[in-house]
Amino acid sequence: MFFKLPHSSVLYQYFLIILCLSLTSCELKNQKVIKRTQFVMGTLVEITIQESDNDLAQNAINKSFNEMSPLEKIMSTYLPNSELSQLNTLA
């Protein structure tokens, strides 16, 4: 069974699709890709953010790396004063 939509309804749907695509593409043009790589927990960690506001992106990257630092101090196997290294010396 085939249902044919009225001509005006098809045009309306095409218009909505084109509008959505054009709005999405405009939003992505203003965004920049910001990356930073640091050596954390014995490996290179790269954080990538797509954001138009450079300060907001840098702040998010800083907070992310700052959250990893306490974990490294607890769980590192190569820092001699980390909690995990101290536990390994007691074994």
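Below is a short write-up of the structure. No experiment lies behind these values; they were computed from the predicted model shown.

So, the overall build of the protein chain
1) Next: Across its full length, the protein chain carries three helices and two strands.
2) Next: When the helices and strands of the protein chain are read in sequence order from the N terminus, they spell out α-β-β-α-α.
3) Next: In the protein chain, which comprises 91 residues, the proportion classed as buried is 13%.
4) Next: In the protein chain, 22% of the contacts between residues at least 6 apart in sequence involve partners at least 24 apart.
5) Next: Looking at the protein chain as shown, the accessible area adds up to about 7,600 Å², and 62% of this sits on carbon and sulfur atoms.

What about the environment of A57?
1) Next: Take A57: it is sitting in helix 2 (residues 54–75).
2) Next: A relative accessible area of 1% means that A57 is categorised as buried.
3) Next: Considering only alpha carbons, one finds A57 and K35, 22 residues apart in sequence, at a separation of 9.1 Å.
4) Next: Once residues within four sequence positions are removed from consideration, A57 is found in contact with I34, I49 and E51.

A closer look at the nonpolar core
1) Next: Core analysis: the biggest nonpolar cluster contains eight residues, these being I34, V40, V45, I47, I49, A57, I61 and F65.
2) Next: Of all the secondary-structure elements, those providing two or more residues to this core are strand 1 (32–40), strand 2 (43–51) and helix 2.
3) Next: If we skip the residues at most four places from it in the chain, F65 touches R36, Q38, V40, V45 and I47.

Some points on the pairing of strand 2
Looking down a regular strand, the side chains alternate between one sheet face and the other.
1) Next: Note that strand 1 and strand 2 share nine bridges and pair antiparallel. From the neighbouring strand, K32 faces strand 2, where its bridge partner is E51.
2) Next: Counted along the chain from strand 1 to the antiparallel partner strand 2, the turn is two residues long, and its residue M41 has a positive phi close to 55°.

A few points about the environment of Y78
1) Next: Structurally, the position occupied by Y78 is in the loop between helix 2 and helix 3 (83–90).
2) Next: Taking C-alpha positions, Y78 is 8.5 Å from M41, a pair spaced 37 residues apart along the chain.
3) Next: Filtering out sequence-adjacent residues up to four positions away, Y78 remains in contact with F39, V40, M41, G42, E72 and S85.
4) Next: Within the structure, Y78 has its side chain in polar contact with the side chain of E72 (distance 2.4 Å).

Structural notes on a nonpolar patch on the surface
1) Next: A surface patch of nonpolar side chains, about 330 Å² in accessible area, is lined by M41, L71, I74 and M75.
2) Next: Tracing the chain through its elements places M75 in helix 2.

Conventions used here
- Residues numbered from 1 in each chain as written.
- Predicted model: local features only at pLDDT ≥ 70, side-chain atom pairs only at ≥ 80, totals over all residues.
- Heavy atoms only, no water.
- Helix = DSSP H or I, 4+ residues; strand = E, 2+ residues; numbered from the N terminus.
- Buried < 20%, exposed > 50% of the residue type's maximum accessible area, 1.4 Å probe, protein only.
- Contact = heavy atoms within 4.5 Å.
- Areas by Shrake-Rupley, 256 points an atom, 1.4 Å probe, with all protein chains shown as cover.
- Core = buried A, V, L, I, M, F, W, Y, C linked by side-chain atoms within 4.5 Å.
- Pairing = 2+ DSSP bridges.
- Polar contact = N/O pair within 3.5 Å; in protein donor to acceptor, adjacent residues only side chain to side chain.
- Patch = residues over 30% accessible without salt bridge, like charges linked within 9 Å, V, L, I, M, F, W, Y side chains within 5 Å.
- Salt bridge = Lys/Arg side-chain N within 4 Å of Asp/Glu carboxyl O.

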